[in-house]
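Survey of secondary and tertiary structure
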Amino acid sequence: MTVEPARAALIDGKTFSAALVERVAAAAARLNQAHGVQAGLAVVIVGEDPASQIYVRNKGERTLGAGMRSDTHRLAETTTQAELLSLIAGLNTDAGVHGILVQLPLPAHIDASAVLAAIDPDKDVDGFHVVNAGRLAVGLPGLVPCTPLGCLLMLKDQLGDLSGLHAVVVGRSNIVGKPMAQLLLAESCTVTIAHSRTRDLPALCRTADILVAAVGRPEMVRGDWIKPGATVIDVGINRVPSLDPAKAAEGKTRVVGDVAFAEAVQVAGRITPVPGGVGPMTIACLLANTYVAACRQNGIAPEPLDA
Ligand code: GUN
C-alpha cells in the first residue's frame with residue numbers, strides 16, 4: 001500500500017468573496033433605506049492600457065451589482081496632470097461620491113504619487129494615501145488596501161485567532177507587503193517582512209505558521225520552503241507561457257502565483273490557489289471599503305462585515 005502525502009485544504013476565495021459581496025450589498029441596501037445614502041464609487045482611468053480597461057469595466061459592473069452608484073471617468077492618454085488633479089478636486093467635494101479610485105499605472109507624464117496624495121484620505125478606498133498608511137501603522141480607523149485586507153479576512157476565517165503565530169510576509173511593497181505586515185501585527189502575530197535581500201529566505205520561510213507571498217515572481221516559493229501544516233497565502237498573479245510547447249509558440253499563456261502550487265499543496269495545511277484565491281477578494285474589499293467610507297462620511301457606524 002502506498003501512503004499518499006497529505007494535501008492542503010484549498011482556501012476558496014471565489015466562494016468567500018461572493019459571500020462578502022452579499023454582506024456588503026445587504027449592508028449598503030440598509031444604509032440606503034434607513035438613511036437615504038447610496039454608497040458611490042468613482043473610478044478614474046487615464047489612457048488605453050487594455051488590462052486596466054478590463055479591470056475598470058469589471059469594477060463598474062461589480063459596484064452596480066452591489067446596489068451602489070458607479071461613475072467611471074475615462075480620460076485620454078494626453079490628459080495633463082493639472083486636468084486630472086482638477087477632476088479629483090471635484091470628486092473630493094461631491095457628496096454623492098464616497099470612494100475614489102485612480103486606476104494605476106498612470107501615463108509616464110503624470111506623477112502618480114502627487115495624484116494619490118490629492119485624493120481625500122476619507123474617500124481613498126484603495127488605502128494608498130500616506131494618511132491611511134499612517135493610520136494603519138498607529139492603529140487608527142482608516143481605509144486599508146484591498147488586497148492585504150482580503151488576505152487578512154481569509155486568514156481569520158480559516159484560523160480564527162491569529163495571535164502569537166509567526167507570519168512571514170515575502171515582499172515589501174506599499175500596496176501589499178507593508179500593509180499586510182501591519183494588519184498581521186495588529187492581530188498580534190509575530191511578523192517578519194522578507195524581501196529580495198533577505199539571507200537564507202527558504203530557511204526563514206520554513207519558520208512561518210502563516211506565509212504570505214507577494215513578490216511578483218512566478219513560483220518562487222518552493223514546497224520545501226514551507227513548514228508542514230502552515231497556511232500559505234499566494235498574492236502573485238503572473239502570466240507565464242503555456243505548458244504545451246505548441247500553444248506556447250502561439251503565445252498562449254497561463255496564470256501562476258508566487259508559490260509553486262503543485263509542490264506547496266503537498267506540504268501546507270491550507271493554501272490559496274491561483275487563480276481563485278486572493279484575486280477575487282480584492283474587488284470584494286473595494287466594495288466593502290466604499291460602503292465603510294459612505295457610512296463614515298455620513299456619521300453612521302458601519303455594520304461589521306466579517307462573517
Ligand atoms: N492597478 C492594478 N491594481 C490596482 C489597484 O488595486 N488599485 C489601483 N488604483 N490601480 C490598480
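Placed above this text is the structure.
Residues numbered from 1 in each chain as written. Predicted model: local features only at pLDDT ≥ 70, side-chain atom pairs only at ≥ 80, totals over all residues. Heavy atoms only, no water.

**What about the overall build of the protein chain?**
So the rule is basically this: Secondary structure is summarised from DSSP: a helix means a run of H or I of at least four residues, a strand means a run of E of at least two, and numbering begins at the N terminus for each. Radius of gyration here uses only the C-alpha atoms, and the compact-globule reference equals 2.2 Å multiplied by the residue count raised to the power 0.38. Relative accessibility under 20% of the residue-type maximum defines a buried residue, over 50% an exposed one, and the middle range a partly exposed one, all with a 1.4 Å probe and only protein chains included. Contact definition: two residues touch when any of their heavy atoms are within 4.5 Å. Residue-level accessible areas treat just the shown protein chains as cover; the underlying method is Shrake-Rupley with a 1.4 Å probe. Positive: Lys, Arg. Negative: Asp, Glu. His and the chain ends are not part of the count. Charge placement uses NZ in Lys and CZ in Arg. For Asp and Glu, CG and CD serve respectively.
What the protein chain contains, in helices and strands, is 11 helices and 11 strands. Compactness check: the protein chain gives a C-alpha radius of gyration of 20 Å against a globular reference of 19 Å for 307 residues, within 12% of the reference. Taken along its principal axes, the extent of the C-alpha atoms in the protein chain is 65 × 45 × 35 Å. Buried residues in the protein chain amount to 46% of all 307 residues. Long-range contacts, defined here as pairs at least 24 residues apart, represent 68% of the contacts in the protein chain between residues at least 6 apart. Only carbon and sulfur atoms are counted for the fraction: they give 56% of the accessible area of the protein chain, which is about 14400 Å². Across the protein chain, the centroid of the 26 positively charged side chains sits 3 Å from that of the 29 negatively charged ones.

**Considerations on the site of the ligand**
Operational definition: The criterion for a residue being near a molecule or strand is simple. One of its heavy atoms has to lie within 4 Å of it. A 3.5 Å cut-off defines polar contacts: any pair of N or O atoms within that distance qualifies, except that in protein one atom must be a possible hydrogen donor and the other a possible acceptor, and neighbouring residues in sequence count only when both atoms are side-chain atoms. The classification used treats Ala, Val, Leu, Ile, Met, Phe, Trp, Tyr, Cys and Pro as nonpolar, Asp, Glu, Lys and Arg as charged, and all other residues, Gly among them, as polar.
The ligand sits among L101, V102, Q103, L104, D126 and F128. One nitrogen or oxygen atom from the main chain of V102 is found 2.8 Å from a nitrogen atom belonging to the ligand. One of the backbone N or O atoms of L104 is found 2.8 Å from a nitrogen atom in the ligand. Here the ligand has 280 Å² of accessible area as a free molecule, and 73% of this is covered by the chains. Its residues assigned to classes, the shell around the ligand comprises 4 nonpolar, 1 polar and 1 charged.

**Some points on the sheet that holds strand β3 (residues 69-75)**
Through backbone hydrogen bonds, the strands of a sheet pair up, either in parallel or in antiparallel fashion. Our working definition: Think of it this way: DSSP has to see at least two bridges between two strands before they count as a pair. Note on geometry: axes are lines fitted to C-alpha atoms, helical ones only across the stretch in contact, with angles between N-to-C directions running from 0 to 180 degrees.
Reading across the sheet, the 3 strands line up as β3-β2-β4 and stay open at both edges, with parallel pairing between neighbours. The two strands at the open ends of the sheet, each matched to only one other strand, are β3 and β4 (99-102). Along the sheet, successive strands turn relative to each other by an average axial angle of 15°, direction set aside. Bridge count for strand β2 (residues 40-46) against β4 is 4 bridges, and the pairing is parallel. Bridged to A42 within β4 is I100. Packing against the sheet, helix α3 (residues 81-92) makes contact with β2, β3 and β4, and its axis sits at approximately 180° to β2.

**Focus: the nonpolar core**
One recurring pattern in soluble globular proteins is that nonpolar side chains are buried together. Keep this limit in mind: We call a set of buried residues a nonpolar core when its members are Ala, Val, Leu, Ile, Met, Phe, Trp, Tyr or Cys and they connect through side-chain atoms within 4.5 Å of each other.
One finds L184 and Y291 to be the most contacted residues of the largest nonpolar core, which totals 56 residues. Counting residues per element, the ones that place at least two in this core are α1 (13-35), β2, α6 (146-159), β5 (166-170), α7 (177-186), β7 (210-213) and α11 (279-297). Top element by residues in this core is α11. It accounts for 11 residues. Once you skip the residues sitting within four places of it in the chain, L184 turns out to touch L152, L155, L162, A167, V169, C189, V191 and V212. Judged by nonpolar contacts, the second largest core, of 20 residues, contains V170, C205, A208 and L211.

**Overview of the pattern of salt bridges**
The condition that has to hold: Here, a salt bridge means any Lys or Arg side-chain nitrogen found within 4 Å of an Asp or Glu carboxyl oxygen.
Throughout the structure, instances matching the rule amount to 8 salt bridges. When the shortest N-O distance is used, the salt bridge between D71 and R69 registers 2.8 Å. Judged by relative accessible area, which is 30%, R69 ranks as partly exposed. When the shortest N-O distance is used, the salt bridge between R135 and D122 registers 3.2 Å. Here R135 is found in helix α5 (residues 130-138), whereas its partner D122 is found in the loop between α4 (112-118) and α5, with 13 residues between them in sequence. A relative accessible area of 39% places D122 in the partly exposed class. A network of salt bridges, in which partner residues are shared, links R69, D71 and D94.

**Overview of the sheet that holds β7**
The 6 strands lie next to each other as β1-β11-β8-β7-β5-β6, forming an open sheet whose pairing is parallel. Of all the strands in the sheet, just β1 (9-10) and β6 (190-194) have a single pairing partner and so form its edges. Relative to strand β11 (residues 270-271), strand β8 (residues 231-234) runs parallel, the two being bridged by 2 bridges. Paired with T231 across the two strands is R270, which belongs to β11. The sheet strands contacting α6 are β7, β8 and β11, and the helix crosses β8 at an angle near 160°.

**Here we look at the state of the cysteines**
Put plainly, two cysteines are in a disulfide when a covalent bond ties their sulfur atoms together. Where we set the bar: For this text, the term disulfide refers to a pair of cysteine sulfurs within 2.5 Å.
Overall, the coordinates contain 0 disulfides when judged by the stated rule. Not part of a disulfide, C151 finds its nearest cysteine sulfur in C285, a span of 8.6 Å. What makes C151 buried here is its relative accessible area of 0%. No disulfide involves C285; its sulfur sits 6.2 Å from that of C146, the nearest cysteine. A relative accessible area of 0% means that C285 is categorised as buried.

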